[in-house]
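# Architecture and fold: a report
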Amino acid sequence: MHSSPTSDIDALTTTALALRDVARSTGQRRAILLEGGRDWAQHTARAIADALGTASGPDCWISDRIDGALPPGKAVTLLGGECGLLVYDAWSGLDADAIGAATGTLRGGGILLMLAPLLTDWPRLSDPTARRIAVYPFRAADVGGRFVRRFARILAASPAVLRIAQSGPESRVPVLPAIAPPGEEAPAPRGPGPGVAATPDQQMAIDAICHTARGRARRPLVLTSNRGRGKSSALGLAAARLIAEDGLEILVTAPRRGAVGALFEHATQAPAAADTASAPRFLPPDRLQRERPRADLLLVDEAAGIPAPLLEWLLTRYPRVCFATTVHGYEGTGRGFEVRFRAVLEHHTPGWRQVQLETPIRWAPDDPLEALTNRALMLDAEPVADIAVAHANVQTLGFAELDRDRLGTNDRLLQAVFGLLILGHYQTRPADLRHLLDGPNIRVFALLDQDRVVATALTAAEGGFDAVLSEQVFDGLRRPHGHLLPQTLSAHAGLFDATRLRIARIVRIAVHPALRRRRLGRQLIRGLHRQADRDGLDAIGASFGATPALLAFWLSCGLPAVHLGSRRNAASGGYAAVVLAGLNGPGRELAERARRRLAERLPVLLAGPLRRLDPDIAASLLASGPIPAAPFTPEELRELSSFAKGSRAPESALPILARLAPGAIAEALRAGALDAAQARAFIALVLQHRDWTASAELVGTTGRAQALSLLREAVRCICDASAPSGGPG
């Protein structure tokens, strides 16, 4: 680190220009760290920015106190853009997502200016971002400094960073020696011109996209790359070619319209685009599902940022699809997407292909700033190698809580944990790393094969409110930050005392892919049960986007569903389910009361806010419900029999059919008396009041007649299953 008491601003800007020349000569990127007071750092950054000018491209400022700057919370809107100078004011908070998104837009030859306190002081100072991590009753000062301390250590050791420290009693700008660019580094690769592939593997990707559009249906393409490899550009270039040469109708979707700016820029600037007035059409994923427009080819960019159920729907709805995602992403993690979505692809479209772009286009290979960002934000984290744990004895695994101070200083251990979370949850973001290290109510647990992490879980301590706050939450007057489970059960499930109890919420759980289907998830949750019980907590639970498979998993772990949200979850695309198990008398009483309340309310909700719920999820919830079947009168039994035999119209039988739920259908589902199609038909037509067209599509029939036949079969099976216990027969 260099410092000097002199105030020669010209010497400083000369140094910055020299560093910029190094970056340009190599096609790589460099960083200048301005360590000192905020006012000094901002003044110095402005002087450097003025000296560098805009010759390298537009500049971008991230700060909450600099005029014209973008607040850190909106940095994700930069995705898809480029800049030549990036100024990040860390005095506004060390926002991991903002840093990840913003640095990915800085192109080769560019400079990152980071404004920060002295690295030796930084971990001890209050960080504005900590406010978002400080759940009630904690304050920002209670949030740990492990993430900042680790980040500062990595900055200090990085060859990409030139450190400039404020010095002297008058806070003067230091004089630094000029930096001569090394002559051994190769120039950055440059594309042959606008609208043309810049690298051989980008051309390979374009050819693969065109082959997908022109080839056999149900052969989707998965295109993956790190940032800056020209993935979105390849989509745009391929779209222009397909529209010009084949006249195809192409749809584009992504988590945000701004994420596909590069795609549309290349689609319209490519030479092929000049021959046609057509262009790809963008629609958000939810509108695609709602409007169902036709397309010859669907391009899904940044697919890891789109909820998994919606991705699966797109895969089954459109015969020709290309999914593209960033491997080390900021709206979702492509590595986890690849692992988790692979099973969906294999199930629906076993002929799918994958292409990966390796060569960077936005900057030269071996870029030191990319290496710095990857390490600091754990973007390239991988779990322990498969071969090291594939033959682990699952009977001898150890359950342990991991010390977060150790995680903050041991990158090997941290990478093993965070790498598992990336694979297990493909919407894992850099901000999750900070929550893991610094969240004041977070604990980290693992199953260990000797010292190797083979499964991990994060838990959050929630609840324990006093009577006054509990009443305010129940009445909708207060929503203390955090405490998802108790507040959901109180404010939405109507369980007043839920916030009084202390609950361990399982925030994340992940198992090593080499050891999946060996019941490690259940083993880990048993350990969490025991730990929460030892800690004197009342209950343990989780919240997640409901699917039949996940509901079955949690039930097998002894945690039944006790609540289902009435709105789609923004992260998962599904309806948020809550599972809960009591650990003592009050906890068990709350869990059972919540379970009964869900069973009682579900038929009403299915006819209203849950009309779009997947019938398979409704069937899972009904099958696990505790409500017994109600007895039927002889007249009701005759009416059911008449409908089942085919002589009574469904419209006139609807009231008596509704009487079958929830008890009789639950018994039939538990007994295995209904197949999946019959259960879907009954739930869609009777409980959700869907029209015949939508119901026929759900159950896989061609029209009303076949759907009605399935419904009659379902009623007959329900009656037969209920007869021995005094129900309809």
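Going by the structure above, here's the rest.
An account of the accompanying structure is given in this report. Quick caveat, the model's predicted, so the values are computed rather than measured.

## As for unusual backbone geometry
Across the chain, the bulk of peptide bonds are trans and the bulk of non-glycine residues have phi less than zero. A cis amide bond links tyrosine 136 with the next residue in sequence, proline 137, at an omega value of 5°. When you line up the elements, proline 137 lands in the loop between strand S4 (106-116) and helix H4 (146-157). One non-glycine residue, methionine 378, adopts positive backbone phi at about 55°. Tracing the chain through its elements places methionine 378 in the loop between helix H11 (368-377) and helix H12 (386-389).

## Quick notes on helix H22 (residues 634-645)
The first and last C-alpha atoms of H22 sit 16 Å apart over 12 residues, in line with the 16 Å expected at 1.5 Å per residue. When H22 is considered as a whole, its buried residues turn out to be Glu636, Leu640, Ser642, Phe643 and Ala644. Within two residues after H22, glycine 646 carries a phi angle of roughly 105°, on the positive side.

## Remarks on the packing of helix H18 (residues 520-534) against helix H19 (residues 548-556)
For the pair H18 and H19, interaxial distance at closest approach is 10 Å and the crossing angle is 50°. Accordingly, the angle class assigned to the pair H18 and H19 is oblique. The two elements H18 and H19 cross, and the hand of that crossing is right-handed. Together, Gly521, Arg522 and Ile525 of H18 and Phe553, Trp554 and Ser556 of H19 make up the contact between the two elements. Residue composition of the contact of H18 with H19, grouped by class: three nonpolar, two polar and one charged.

## Observations regarding the pairing of strand S13 (residues 442-449)
The buried fraction of S13 amounts to seven of the eight residues, a majority that puts the element mostly inside the structure. Sheet analysis places strand S12 (residues 398-402) next to S13, joined by five bridges and oriented antiparallel. Opposite glutamate 401, over in S13, you have phenylalanine 445 as the bridge partner. The turn joining S13 and strand S14 (residues 452-463), which pair antiparallel and follow one another in sequence, is formed by two residues; a positive phi near 60° is taken by glutamine 450.

## Focus on the sheet that holds S14
Hydrogen bonding along the main chain pairs the strands of a sheet, whether they run parallel or antiparallel. Spatially, S12-S13-S14-S15-S16-S18-S17 is the arrangement adopted by the seven strands of the open sheet, whose pairing is mixed. Bordering the open sheet on either side are S12 and strand S17 (561-568), each of which pairs with just one other strand. Geometrically, the sheet is characterised by an average inter-axis angle of 25° between neighbouring strands, direction not taken into account. Bridge count for strand S16 (residues 539-545) against strand S18 (residues 575-582) is seven bridges, and the pairing is antiparallel. Within the sheet, the bridge partner assigned to serine 543 lies in S18 and is valine 578.

## A look at the packing of aromatic side chains
The final tally for this structure, using the stated rule, is eight aromatic pairs. An angle of 75° between the planes, with centres 5.3 Å apart, marks the rings of phenylalanine 474 and phenylalanine 496 as edge-to-face. Taken together, the positions of phenylalanine 474 in helix H16 (residues 467-474) and phenylalanine 496 in the loop between helix H17 (484-491) and strand S15 (502-511) put the pair 22 residues apart, joining distant regions of the chain. Their ring planes at 15° and their centres at 5.8 Å tell us that phenylalanine 544 and tryptophan 554 sit as a pair that is stacked. One end of the pair, phenylalanine 544, is in strand S16; the other, tryptophan 554, is in helix H19, and 10 residues separate them in sequence. Tryptophan 554 shares its class with phenylalanine 544; the two are buried. Here the guanidinium or amino end of arginine 257 rests over the ring plane of phenylalanine 264, the centre of that ring lying 4.3 Å away.

Reading the values: rules and limits
Residues numbered from 1 in each chain as written. Predicted model: local features only at pLDDT ≥ 70, side-chain atom pairs only at ≥ 80, totals over all residues. Heavy atoms only, no water. Helix = DSSP H or I, 4+ residues; strand = E, 2+ residues; numbered from the N terminus. Expected span 1.5 Å × (residues − 1). Buried < 20%, exposed > 50% of the residue type's maximum accessible area, 1.4 Å probe, protein only. Axes fitted to C-alpha atoms, helices over the stretch in contact; angles between N-to-C directions. Parallel < 35°, antiparallel > 145°, perpendicular 65-115°, else oblique. Left-handed = near helix turned anticlockwise from the far one by under 90°. Contact = heavy atoms within 4.5 Å. Nonpolar A, V, L, I, M, F, W, Y, C, P; charged D, E, K, R; others polar. Pairing = 2+ DSSP bridges. Phe/Tyr/Trp six-rings, centres within 6.5 Å; stacked < 30°, edge-to-face > 60°. Lys NZ or Arg CZ within 6 Å of the ring centre and 35° of its normal.

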